[in-house]
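Residues per chain, in single letters:
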Amino acid sequence: MNLHEIDDGVWRANQPSPRQLRQIVKRTGIKTVINLRGWSTWGSYVLERKACAELGIKMIDCKLYSRRPPAAEEVKMLFKLFDQVERPFLMHCKSGADRAGMGSALYMLWKQSPPEEAVRQLSWDYLHFKHAQTGILDEFVAEYARAHEKTGISFPQWLDTTYDKKALIDNFKPSHMANWIVDRVLNRE
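Residues numbered from 1 in each chain as written. Predicted model: local features only at pLDDT ≥ 70, side-chain atom pairs only at ≥ 80, totals over all residues. Heavy atoms only, no water.

Asker: Quick rundown of empty space enclosed by the protein? Include the residues and the values.
Answerer: Under the criterion given, the structure shown has two cavities of 30 Å³ or more. Put simply, the second largest cavity is a space of about 30 Å³. In terms of lining, the second largest cavity is formed by Gln15, Asn35, Arg37, Gly38, Ser40, Trp42, Ser44 and Tyr45. Looking at the lining of the second largest cavity, its residues break down into two nonpolar, five polar and one charged. (1 Å grid on protein atoms, 1.4 Å probe; cavity = no way out; pocket = protein on both sides within 12 Å on 5 of 7 lines; lining within 4 Å. Points joined across faces, edges and corners; volume = space filled by probe spheres on them. Nonpolar A, V, L, I, M, F, W, Y, C, P; charged D, E, K, R; others polar.)

Asker: Which residues make up the packing of helix 3 (residues 72-84) against helix 4 (residues 99-110), and what values go with them?
Answerer: Here helix 3 crosses helix 4 at 70°, and the two axes come no closer than 10 Å. Relative to helix 4, the element helix 3 lies roughly perpendicular. Handedness of the helix 3/helix 4 crossing: right-handed. The segment helix 3 lies against helix 4, with Val75, Leu78, Phe79, Phe82 and Asp83 engaging Gly103, Leu106, Tyr107, Leu109 and Trp110. A breakdown of the residues in the contact of helix 3 with helix 4 according to their chemical character gives eight nonpolar, one polar and one charged. (Axes fitted to C-alpha atoms, helices over the stretch in contact; angles between N-to-C directions. Helix = DSSP H or I, 4+ residues; strand = E, 2+ residues; numbered from the N terminus. Parallel < 35°, antiparallel > 145°, perpendicular 65-115°, else oblique. Left-handed = near helix turned anticlockwise from the far one by under 90°. Contact = heavy atoms within 4.5 Å.)

Asker: Describe helix 2 (residues 43-55), listing the residues and the values that go with them.
Answerer: Think of an α-helix as turning once every 3.6 residues; residues three or four places apart then point the same way. Helix length check: helix 2, at 13 residues, gives a terminal C-alpha distance of 18 Å against a target of 18 Å (1.5 Å per residue), a fit within 8%. All of the buried residues in helix 2 are Tyr45, Glu48, Ala51 and Cys52. The buried residues of helix 2 occupy an angular sector of 130° when projected down its axis, which confines them to one face. Looking at helix 2, the residues exposed on the side facing more than 90 degrees away from the buried face are Lys50, Ala53 and Glu54. (Expected span 1.5 Å × (residues − 1). Buried < 20%, exposed > 50% of the residue type's maximum accessible area, 1.4 Å probe, protein only. Arc of directions from axis to C-beta.)

Asker: Quick rundown of the pairing of strand 1 (residues 4-7)? Include the residues and the values.
Answerer: As judged from the three bridges shared by strand 1 and strand 2 (residues 10-13), these two strands associate in the antiparallel manner. What sits directly across from Glu5, in strand 2, is Trp11. (Pairing = 2+ DSSP bridges.)

Asker: Summarise the nonpolar core; cite the residues concerned and give the values.
Answerer: Ile34, Leu78, Met91, Leu106, Phe140, Phe155 and Trp158 are the most contacted members of the largest nonpolar core, which totals 37 residues. Among the secondary structure elements, those contributing two or more residues to this core are helix 3, strand 5 (89-92), helix 4, helix 6 (136-151) and helix 7 (155-161). Non-local contacts of Ile34, meaning those with residues more than four positions away in its chain, are made with Ile60, Cys62, Leu78, Leu81, Phe82, Val85, Phe89, Leu90, Met91 and His92. Grouped together as the second largest cluster of nonpolar side chains are 14 residues, Val25, Ile30, Val33 and Cys52 included. (Core = buried A, V, L, I, M, F, W, Y, C linked by side-chain atoms within 4.5 Å.)

Asker: Help me get a handle on the pairing of strand 3 (residues 32-35), residues and values and all.
Answerer: Burial along strand 3 is two-sided: Thr32 and Ile34 and Val33 and Asn35, pointing in opposite directions, are all buried. Both strand 3 and strand 4 (residues 58-61) contribute to a ladder of four bridges, which runs parallel. Counterpart to Val33 in the pairing with strand 4 is Met59. For the crossover that starts at strand 3, traverses helix 2 and ends in the parallel strand 4, the hand is right-handed. (Right-handed = clockwise from strand over helix to strand, strands pointing away.)

Structure follows, in structure tokens:
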């Protein structure tokens, strides 16, 4: 399982099975699960929702994407969750690499950690490929890091005044081979 504590009472992981979720609760005492895959009709979602209910854990759906940078509204929604969610909490996606990495990086930026610390959440240590289309998430954090280094701008201010999602998408060029590995070999969403 790709399970890691990124801060006191803040965990990231891949999609847990009901059995794994019970083990995680026993180990960590989590009270909330933030599902970064969003609502779905997939069996894994239905089983997780049922397991959370049985364990008395609140499950919150908050969709992020693995191959496009977050919109400012999505970031603000996640920041609002970070302000309100009961701890300890777990955030997850399918593999625990890309959306969980972005959620973790955003958590670091929410708590005002330096962007260099935030981008570490998007690394090979968590099986994240930065040279595939999933690397646009790294570029999102790097774009902020460059603006912060140049001007000292805070992340919320950058998000509201400078962030240009379209330009970021237009300028990002992933490797075709890395995309093939992520899409065909690893079968990521």
